[in-house]
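The primary structure of each chain is shown beneath.
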Amino acid sequence: MWNILSEYYIDILIGVGYTMLVALIGTVVGLVIGVLIGVYRTIPDPKSKAALVFKKIGDYILTAYVEIFRGTPMMVQAMVIFWGFAELNGGRTLNVTVSGLIIVSINTGAYMAEIVRGGIISIDKGQFEGAHALGLTHTQTMFNVVLPQALRNILPSVSNEFIINIKDTSVLNVIGFTELFFVAKDIVTQTYKTFPTYLLVAIVYFILTFGISMLLRFVERKMDGSKNYKVLGSQNLDAESYAREARNG
Amino acid sequence: MVENSTSNIQNANLTADEIGQPIVKIEHLGKSFGDHIVLKDIDFSVCKGDVTCVIGPSGSGKSTLLRCINLFEKPTVGRILFHGEDVTAARKPNLLRQKVGMVFQSFNLFNNLNVLHNCTLGPRKVFKLSKADAEQLAIKHLKTVGMDAFVNAKPRQLSGGQKQRVAIARALCMNPEVLLFDEPTSALDPEMVGEVLAAMKTLAENGLTMIVVTHEMSFAREVANHVVFMDGGVIVEEGTPQQIFENPQEERTKLFLSRN
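Rules used throughout
Residues numbered from 1 in each chain as written. Chains lettered and ligands numbered in written order. Predicted model: local features only at pLDDT ≥ 70, side-chain atom pairs only at ≥ 80, totals over all residues. Heavy atoms only, no water. Helix = DSSP H or I, 4+ residues; strand = E, 2+ residues; numbered from the N terminus. Rg over C-alpha atoms; globule rule 2.2 N^0.38 Å. Buried < 20%, exposed > 50% of the residue type's maximum accessible area, 1.4 Å probe, protein only. Contact = heavy atoms within 4.5 Å. Areas by Shrake-Rupley, 256 points an atom, 1.4 Å probe, with all protein chains shown as cover. Lys, Arg positive; Asp, Glu negative; His and termini not counted. Charge placed at Lys NZ, Arg CZ, Asp CG, Glu CD. Pairing = 2+ DSSP bridges. Axes fitted to C-alpha atoms, helices over the stretch in contact; angles between N-to-C directions. Parallel < 35°, antiparallel > 145°, perpendicular 65-115°, else oblique. Left-handed = near helix turned anticlockwise from the far one by under 90°. Nonpolar A, V, L, I, M, F, W, Y, C, P; charged D, E, K, R; others polar. Salt bridge = Lys/Arg side-chain N within 4 Å of Asp/Glu carboxyl O. Buried area = accessible area lost by both parts, 1.4 Å probe. Polar contact = N/O pair within 3.5 Å; in protein donor to acceptor, adjacent residues only side chain to side chain.

### Section: the overall build of chain B
Secondary structure assignment for chain B yields 10 helices and 10 strands. For 260 residues, the compact-globule estimate of 2.2 N^0.38 gives 18 Å, and the C-alpha radius of gyration of chain B, at 18 Å, lies within 12% of that figure. With the principal axes as the frame, chain B shows a C-alpha extent of 55 × 45 × 40 Å. Sorting the 260 residues of chain B into buried and exposed places 59% on the buried side. Considering only contacts within chain B whose residues lie at least 6 apart along the sequence, 68% involve residues at least 24 apart. As presented, chain B carries roughly 10700 Å² of accessible surface, and 47% of it is formed by carbon and sulfur atoms. Across chain B, 28 positive and 29 negative side-chain charges occur, with their mean positions spaced 9 Å apart.

Have a look at this one:
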């Protein structure tokens, strides 16, 4: 096993790099897609008929997207999208890295849409009413009050998706993407040392997922902030020094 | 008229100083949730500087009436006039809500923001105030309710009474023409009720127009200049505190007051 590591560590590092690149970008883009869909789905029904019909059509399209991408294996999606593109472009395939990024992003987006929607509806109705009572619009309420709380609440699920993505990028080997699993297969074909190679790769995968798991838990603690706060002492401070203390506070 | 209602809200303060013109006028208002009728043919109005207390047993429709005024609930029948303009079917209710503030029974402070930013969010996003101006405004109003020392605290770190005082300061930062209070002390223990009522009394003395749904009879008696008694979705009786508390005309009012 150590021989393989010392001989092929550069290939393994490249595999790790591609795996993490696709997993990270896929998760972030997927989260953005999820937030946009989540916000769209919680917009209150518009009053005019035309706008309502328009919104309903949007709803159906988004539902179809979520259900199709949740309901088919990512490995099959990868094949359909990669070879579908080639079919439409007279045999010219899309760059495999770009393909991988697109596939993981839209696949993650489908899951994230439901995670974000769950996060938004878990926020107490009073938070919406408190903001609406000040005259804030739906969008202002979402971005300033609801989403910051919803995102904190869904962070464990987002970590889950990230970890799943690190592992599931391995299916992209079917389109020839040079991620960690692809590198392992390559090493095996050269060395015939099947067991030690895959054991090594398993350990590398675990280090990646466990590291990310720890990192995101640290981020959660950071987001929760300090349990303490400072009560400003003197009652005679003028407004400006209050603001200054509050900012530094 | 309905079509123009949102733009008219913006011009409403031009007529605000017209004496005798009610700020809020409610005409034949009715509200039902399915088959359940909550409000029946409500008529009442509020003028500048009025402190109106709405009292009555639970389930009498007090809160629903209050929530109709800032369009949180859509009336089934009737009209809501703001400075004489019909806002019942306003396309953008947020324009009305910028002028009609609300304080809730459950506070509804923004859990992700500290006390200062709870107060500055409205002025910054709605009135596009600069950060410094909004903070100065927030601190001024936090001082009014005695919460200026807690600018750094998050809502979860405060007691119920403190939260409600911050919620009042947050509403004041929008400089509302009318401030609605929906049972502001019902979720508080007896000791904290006092500090919130004291803050509200200060506002009343400063001339703020307030509509207060409350079970605090002594507050209604002492601070209000107009008391509305509701039961079963209708206004049973209304008048000055003296009329309602010392010389009620209706049997239902007498019965309710005798039990409090």
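### What about unusual backbone geometry?
Even without a glycine there, the phi angle at Y192 of chain A is positive, about 60 degrees. With respect to the secondary-structure elements, Y192 of chain A resides in the loop between α7 (180-191) and α8 (194-224). You can call Y192 of chain A exposed: its relative accessible area is 69%. Of note, the phi angle at H28 of chain B is positive, near 50 degrees, even though the residue is not glycine.

### Let's talk about the sheet that holds strand β2 (residues 36-46) of chain B
Residue and element names in this part refer to chain B. Sheet architecture is open: 4 strands sit in the order β2-β1-β4-β5, paired in antiparallel fashion. Two strands close off the open sheet at either side, each with one partner strand: β2 and β5 (85-86). Bridge count for strand β1 (residues 24-33) against β2 is 7 bridges, and the pairing is antiparallel. Looking across to β2, one finds that S32 is bridged to I37.

### Looking at the packing of helix α4 (residues 115-126) of chain B against helix α5 (residues 131-144) of chain B
Residue and element names in this part refer to chain B. Viewed as axis vectors pointing N to C, α4 and α5 meet at an angle of 120 degrees, and their least axial separation amounts to 8 Å. The angle between α4 and α5 falls in the class oblique. Both α4 and α5 take part in a crossing whose hand is right-handed. Residues V115, L116, H117, C119, T120, P123 and R124 of α4 form the contact with α5, whose own contacting residues are K131, A134, E135, L137, A138, I139 and L142. A class-by-class count of the residues in the contact of α4 with α5 yields 9 nonpolar, 2 polar and 3 charged.

### Focus: the packing of helix α1 (residues 2-42) of chain A against helix α6 (residues 138-168) of chain A
Residue and element names in this part refer to chain A. Relative orientation of the contacting elements α1 and α6 amounts to 145 degrees, with a least axis distance of 10 Å. For the pair α1 and α6, the crossing hand works out as right-handed. Across the interface between the two elements, T19, M20, A23, L24, G26, T27, L31, V35, V39 and T42 of α1 pack against H138, M142, L147, L151, I154, V158, E161, F162, N165 and I166 of α6. Each residue belonging to the contact of α1 with α6 can be placed in one class, and the counts come to 13 nonpolar, 6 polar and 1 charged.

### Comments concerning the sheet that holds strand β6 (residues 100-103) of chain B
Residue and element names in this part refer to chain B. Within the open sheet, the 6 strands sit side by side as β6-β7-β8-β3-β9-β10. Their pairing is mixed. Only two strands of the sheet have a single partner each, and these edge strands are β6 and β10 (234-239). Strand-to-strand twist in this sheet, taken as the mean axis angle between neighbours without regard to direction, amounts to 20 degrees. As paired strands, β6 and strand β7 (residues 178-182) are joined by 4 bridges and run parallel to one another.

### Here's the deal with the pattern of salt bridges
The tally for this structure, following the rule as stated, stands at 20 salt bridges over all chains. Note that D45 of chain A is salt-bridged to K55 of chain A, the shortest N-O span being 3.6 Å. Taken together, the positions of D45 of chain A in the loop between α1 and α2 (49-71) and K55 of chain A in helix α2 put the pair 10 residues apart, joining distant regions of the chain. R252 of chain B serves as the salt-bridge partner of D231 of chain B, at 2.4 Å between the closest nitrogen and oxygen. Of this pair, D231 of chain B sits in strand β9 (residues 226-231) while R252 of chain B sits in helix α10 (residues 251-258), placing them 21 residues apart in sequence. Given a relative accessible area of 29%, R252 of chain B falls into the partly exposed group. A single network of salt bridges, built from pairs that share partners, joins K125 and E129 of chain A together with R67 and E73 of chain B.

### Here we look at the interface of chain A and chain B
Of the residues lining the interface, 35 residues belong to chain A; the matching set on chain B comes to 38 residues. Counting each side, the surface lost to burial between chain A and chain B is near 3100 Å², with a carbon and sulfur contribution of 54%. Its largest share of buried area at the contact with chain B, chain A owes to A133, L134 and Y229 of chain A, together 21% of the area lost on that side. Counting across the interface, chain A meets chain B through 1 salt bridge. In this structure, E129 of chain A engages R67 of chain B in a salt bridge whose closest nitrogen and oxygen atoms are separated by 2.7 Å. Connecting chain A to chain B are 8 residue pairs in polar contact (both at pLDDT 80 or more).

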